[in-house]
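So the chains spell out like this:
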Amino acid sequence: MLIKRKSIEKEESSRPARKPKYAPVTLSEQDGVRYLHFGTEWVQGAMRIRKPNWPELEYAQQMMAWMLWLDKPAQIAQLGLGTATLTKFCYVTFPEAAVTAVELNPSVIAICASMFKLPDNDERLRVVEMDALDYVNDEANAGLLDVLQVDLYDATARGPVLDSAEFYQSCNACLTDDGIMTVNLFGDHPSYARNIKAMNFAFEQVICLPPVHDGNVVAIAFKRKRAIDLEALAARAAQITADTKLPAKTWVAGLAVK
């Protein structure tokens with residue numbers, strides 16, 4: 001079974017006043033891991049029940065690859081809540097950072113609170129029911145974020161639901177001068193080339209990690225161009241692994257073969 005992502009699914013309608021319809025939120029469990037689905041076999045996120053704050057899926061770990069360049073982010077945001085994997089990990093790992101998660105489907109927010117150990121909102125954590133496009137287009141968020149993590153897939157996993165150059169320009173506008181965005185893509189899908197092209201239009205620099213065994217590819221987009229100093233990144237990776245147990249050395253190894 002291929003493992004794919006989380007997302008926002010909104011049905012377009014000719015009736016503006018009609019409430020959006022969402023795919024049903026369903027769960028499964030196997031070998032101590034709880035999975036989220038949107039009414040299909042596609043996995044939208046996972047949580048190891050004994051380690052609720054750990055990013056269980058490999059692509060979710062790679063979404064943290066911005067840590068190679070940023071060690072003390074003040075503002076972190078996720079577009080697409082899924083099982084709250086990135087939200088929880090960032091909230092626990094960076095106790096001085098404010099963490100925001102944006103999710104359109106209220107049922108996803110509710111299931112994360114009841115079944116995936118999502119903490120209540122507090123002075124550092126904010127989970128908002130909102131369209132991701134509205135969030136990045138909100139002028140109040142301009143220049144706010146050190147980190148933006150984008151994981152916006154629908155129930156059919158046909159590619160990110162937001163993937164235009166204009167969307168990625170708005171993501172760029174939300175970042176600080178040193179800000180970094182990571183995006184979950186599907187490497188062997190037609191949407192991949194379209195997303196990379198749009199990101200290259202909107203950002204100074206875009207690099208990708210090698211695909212994981214499930215086909216996911218994490219793209220890393222930089223507000224300003226960065227030198228890829230493999231020796232310095234290897235030293236930073238060793239520290240990340242020591243501090244968090246994330247397999248950061250493999251990220252650097254992946255960059256080295258580019």
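Residues numbered from 1 in each chain as written. Predicted model: local features only at pLDDT ≥ 70, side-chain atom pairs only at ≥ 80, totals over all residues. Heavy atoms only, no water.

Enquirer: Looking at this structure, how should I read the environment of Lys 223?
Expert: On the secondary structure map, Lys 223 appears in the loop between strand E10 (216-222) and helix H7 (230-244). Along the sequence, Lys 223 and Leu 175 sit 48 residues apart, while their C-alpha atoms lie 7.1 Å from each other. Setting aside residues up to four positions removed in sequence, Lys 223 forms contacts with Asn 172, Ala 173, Leu 175, Thr 176, Asp 177, Gly 179, Phe 203 and Glu 204. Of the polar contacts made by the side chain of Lys 223, one reaches the backbone oxygen of Leu 175; its length is 3.3 Å. (Helix = DSSP H or I, 4+ residues; strand = E, 2+ residues; numbered from the N terminus. Contact = heavy atoms within 4.5 Å. Polar contact = N/O pair within 3.5 Å; in protein donor to acceptor, adjacent residues only side chain to side chain.)

Enquirer: Help me out: how do you make sense of the packing of aromatic side chains in this one?
Expert: When we look at a pair of aromatic rings, we describe it by the centre distance and by the angle of the planes. Evaluated as defined, the whole model comprises four aromatic pairs. An angle of 35 degrees between the planes, with centres 5.3 Å apart, marks the rings of Trp 66 and Phe 94 as tilted. Of the two residues, Trp 66 sits in the loop between helix H1 (58-62) and strand E4 (75-79) while Phe 94 sits in the loop between helix H2 (85-93) and strand E5 (98-103), which places them 28 residues apart along the sequence. Just as Trp 66 is buried, Phe 94 falls in that class too. Where Trp 69 meets Phe 222, the ring centres are 4.9 Å apart and the plane angle is 80 degrees; that geometry is what we call edge-to-face. (Phe/Tyr/Trp six-rings, centres within 6.5 Å; stacked < 30°, edge-to-face > 60°. Buried < 20%, exposed > 50% of the residue type's maximum accessible area, 1.4 Å probe, protein only.)

Enquirer: Can you walk me through the sheet that holds strand E1 (residues 26-30) in this structure?
Expert: In a beta sheet, neighbouring strands are held together by backbone hydrogen bonds and run either parallel or antiparallel to one another. Strand order in the open sheet formed by three strands is E1-E2-E3, with antiparallel pairing between adjacent strands. Edge positions in the sheet fall to E1 and strand E3 (45-48), since each has one partner strand and no second. Looking at each pair of strands side by side, their axes are set apart by 20 degrees on average, direction ignored. Note: E1 against strand E2 (residues 33-37), five bridges, orientation antiparallel. Note on E2: the bridge partner recorded for Ser 28 is Tyr 35. (Pairing = 2+ DSSP bridges. Axes fitted to C-alpha atoms, helices over the stretch in contact; angles between N-to-C directions.)

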